[in-house]
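Secondary and tertiary structure notes
One letter stands for each residue in the lines below.
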Amino acid sequence: MTVSNSERALLDSIDEYEIVSLTASLIEAGGENPGDTEEGTAKVLAEYCRALGFDVRTVEVAPGRPNVIVSIGSGERSGILFVGHSDVVPAGTGWTADPFSPVVRDGRIIGRGACDMKGGLAAVVAAMTAVHRAGLADEYPMTLACLVDEEDTGLGIRAFVAEPAQRSFSHCVVAEPTDLVTIFGCRGAANLEIDVRGRSAHAGQPRNGVNAISAAARIIEIIENSQTDLDDNPDPDLGPATWNVGTISGGTGTSMVADRCVLTVDRRLLPGEDATTVIERLRAKIEAADVLDAAIDVRIDVAMEMPGFLTSVDDELVTTARQSVRDIGSAGSTDIWTASCDGGFVAQQMGIRTVVLGPGEIEKQAHRPDESVAVQQLFDSARAYALIATRIAAPPGL
């Protein structure tokens, strides 16, 4: 596909300076999670979009934590939904400058959230601005859902998919950093907490107690051995589900038999899996291995669950996104993601075909000191979003 004259005019109207300026303002607003709220970022985004004449709605999910829903177009037709988040991970140490005082250096914006994902938000707004200024919003409606708490427990996306529909959507693009690769699927994730209780005793007579750490070690062995079964049954596109024991904490002293040990475990989920079923199968294996006895109790709770999604690589949304990226001069490749994101909730609970596509590299640039994103990628993302939105529009009446 080649860019038409009308599309060229639309792309030429996108202003790189506006993208950089908004990205910088969003970075300055902070929003570390945990440790702060997203209120400042939400305010900056809402005020900026209201000044452009967009429809802006805020929904407070928790004190100081509002989702911001920005739309253009009358809403009489199904539009495209863009999803992003307003929180960032804590800045931490190791920065060469103030993480919330953004600078542009060597063609990159540096600051916490530049890559994940204040830059992606700004790129979506720039695309919406271009469509709005061209008078095309009613024909090609667009909505940006900027949600809180993506980096922790997902309060924002859970509230968004649960609320009564204000508009209808035909497709969804999650603007997370993918280096402009179109992600057509990702596994879900469940964070499990395994609480093992035993009986304390003096270490001089350990047989008088029941060691919870020893029982937890056997559970870890069961988890690691179960990975073989997962490896033997991968999803053709997403690969196998996986286990990872992330933390272990137990005991109160060297001279005491540990009466408690807590494991936190990451379990990546394939389509059709859920945390409840995973826990039931794990508990059955624990019971079959005789880990439990009268003095050992094991409780398994779900700390967080995030569904994955899988859109056919031949779906119109995937092919349109890929071609649009190519038409603005990038490679236009496709892939699956090893991370998880809010897109799984959209696909599962709203029934909307979904991809992930955005500026920046999540593995190389996000969640680290001197986080940055290339200005050129922000500009390219905005242009790709504008093309996708105007090429993928649903027919009248949908």
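Below: a short report on this structure. These figures come from a predicted structure and were not determined experimentally.

1. As for the nonpolar core
Ranked by size, the top nonpolar core spans 62 residues in total, and within it Met142, Leu144, Val173 and Tyr385 carry the most contacts. Per element, the largest residue contribution to this core is 13 residues, and it comes from helix α4 (residues 114-133). Apart from the residues within four sequence positions on either side, Val173 is in contact with Ile80, Leu81, Phe82, Val83, Leu317, Val355, Leu357, Tyr385 and Ile388. Formed by 31 residues, the second largest nonpolar core is a distinct cluster that contains Leu282, Ile286, Ile296 and Ile300.

2. Observations concerning the pairing of strand β8 (residues 182-186)
Of all 5 residues in β8, 5 are buried; the element is thus mostly enclosed. By the bridge criterion, 3 bridges tie β8 to strand β14 (residues 334-337) in an arrangement that is parallel. Looking across to β14, one finds that Ile183 is bridged to Asp335. Note that β8 and strand β13 (residues 309-310) share 2 bridges and pair antiparallel. Counted as the bridge partner of Cys186 is Phe309 from β13.

3. Brief notes about the side chain of Arg112
By the element assignment, Arg112 lies in the loop between β5 (108-110) and α4. Within the local environment of Arg112, its side chain forms a polar contact with the backbone oxygen of Val89, the two atoms lying 3.3 Å apart. Of note is the side chain of Arg112, whose polar atom sits 3.2 Å from the backbone oxygen of Ala91. Not counting residues up to four positions away in its chain, the partners in contact with Arg112 are Ile27, Val88, Val89, Pro90, Ala91, Trp95, Pro99, Phe100, His367, Arg368, Pro369 and Glu371.

4. Re the packing of α4 against helix α10 (residues 375-391)
Put simply, α4 and α10 touch, their axes get as near as 8 Å, and they point 50° apart. Regarding the angle of α4 to α10, the classification is oblique. In terms of crossing hand, the pair formed by α4 and α10 is right-handed. For the pair α4 and α10, contact is made by Gly119, Gly120, Ala123, Val124, Ala126, Ala127 and Val131 and by Leu378, Ser381, Ala382, Tyr385, Ala386 and Thr390, respectively. Grouping the constituent residues of the contact of α4 with α10 by class yields 9 nonpolar, 4 polar and no charged.

5. A few points about the environment of Ser101
Turning to its location among the elements, Ser101 is positioned in the loop between β3 (79-85) and β4 (103-105). Under the relative-accessibility criterion, Ser101 is labelled partly exposed at 34%. A distance of 2.9 Å separates the side chain of Ser101 from the side chain of Asp98, its partner in a polar contact.

6. Focus on the state of the cysteines
Under the definition given, this model contains 0 disulfides. A disulfide-free cysteine, Cys115 has its sulfur positioned 14 Å from the sulfur of Cys341, the nearest such atom. Look at Cys115 and you get buried, because its relative accessible area is 1%. Free of any disulfide, Cys186 has its nearest neighbouring cysteine sulfur in Cys341, separated by 4.5 Å.

7. Notes on the pattern of salt bridges
Per the counting criterion, the structure on display carries 16 salt bridges. The salt bridge involving Glu18 is made with Arg133; its shortest N-O contact spans 3.4 Å. Of this pair, Glu18 sits in helix α2 (residues 16-28) while Arg133 sits in helix α4, and the two are 115 residues apart along the sequence. On the basis of relative accessible area, Glu18 is assigned to the partly exposed category, the value being 23%. Its salt-bridge partner being Glu371, residue Arg112 comes within 2.6 Å of it at the nearest N-O pair. You can see Arg112 sitting in the loop between β5 and α4 and its partner Glu371 sitting in the loop between β15 (353-356) and β16 (372-374), a full 259 residues away along the chain. The two residues Arg112 and Glu371 agree in class, both being buried. Shared partners join several salt bridges into a network, and the residues in it are Glu7, Asp327 and Arg391.

8. Section: the sheet that holds β4
In space, the 3 strands of this open sheet follow the order β4-β5-β16, with antiparallel pairing throughout. With partners counted over all chains shown, the strands left at the sheet margins are β4 and β16, one partner each. For this sheet, the mean inter-axis angle between neighbouring strands, taken without regard to orientation, is 25°.

9. Digging into the packing of aromatic side chains
This structure, assessed with the given rule, holds 1 aromatic pair. When the ring of Phe82 is compared with that of Tyr385, the centres are 5.2 Å apart and the planes differ by 65°; the resulting orientation is edge-to-face. Of this pair, Phe82 sits in strand β3 while Tyr385 sits in helix α10; the two residues are 303 residues apart in sequence, bridging distant segments of the chain. For the residue pair Phe82 and Tyr385, the accessibility class agrees, reading buried in each case.

10. Observations regarding unusual backbone geometry
Note the cis peptide between Asn33 and Pro34, where omega equals 5°. Looking at the element boundaries, Pro34 is found in the loop between α2 and α3 (39-51). Here Asp116 and Met117 are connected by a cis peptide whose omega angle stands at -10°. Along the chain, the position of Met117 falls in helix α4. Here the phi dihedral of Asp149 falls at roughly 65°; this positive angle occurs in a residue that is not glycine. The topology assignment puts Asp149 in the loop between β6 (142-147) and α5 (155-162). We classify Asp149 as buried; its relative accessible area is 0%.

What counts and how
The residue numbers shown here count from 1 along each chain, following its written sequence. For a predicted model such as this one, the threshold for reporting local features is a pLDDT of at least 70, and the threshold for listing and counting side-chain atom pairs is 80 or more; totals across whole chains, interfaces and linings nevertheless cover every residue. Note: side-chain values were computed over all heavy atoms of the structure, leaving out hydrogens and water. Put simply, buried Ala, Val, Leu, Ile, Met, Phe, Trp, Tyr and Cys residues joined by side-chain atoms within 4.5 Å make one nonpolar core. Per-residue accessibility, obtained with a 1.4 Å probe over protein chains only, is compared with the maximum for each type, and a residue is labelled buried under 20%, exposed over 50%, and partly exposed between these values. Helix and strand definitions here come from DSSP, where helices need a minimum of 4 consecutive H or I residues and strands a minimum of 2 consecutive E residues; each element is numbered from the N-terminal end. Contacts are assigned to residue pairs that have any heavy atoms within 4.5 Å of one another. Paired strands are those between which DSSP finds at least two bridges. By the criterion applied in these results, polar contacts are pairs of N or O atoms within 3.5 Å in which, for protein atoms, one can donate a hydrogen and the other can accept it, and in which residues neighboring in sequence qualify only through two side-chain atoms. Each axis is a line fitted through C-alpha atoms, taken for helices only over the stretch in contact, and angles between the N-to-C directions span 0 to 180 degrees. Oblique is the label for any angle not under 35 degrees, not over 145, and not in the 65 to 115 range, which are roughly parallel, roughly antiparallel and roughly perpendicular in turn. Each crossing gets its hand from how the near helix is turned against the far one by less than a right angle, where anticlockwise is left-handed and clockwise is right-handed. Each residue receives one of three labels: charged for Asp, Glu, Lys and Arg, nonpolar for Ala, Val, Leu, Ile, Met, Phe, Trp, Tyr, Cys and Pro, and polar for the others, Gly being one of them. Two cysteine sulfur atoms make up a disulfide if the distance between them is within 2.5 Å. Whenever a carboxyl oxygen of Asp or Glu lies within 4 Å of a side-chain nitrogen of Lys or Arg, that contact is scored as a salt bridge. Aromatic contacts are taken between Phe, Tyr and Trp rings whose centres are within 6.5 Å, Trp giving its six-membered ring; a plane angle under 30 degrees counts as stacked, one over 60 as edge-to-face, and the others as tilted.

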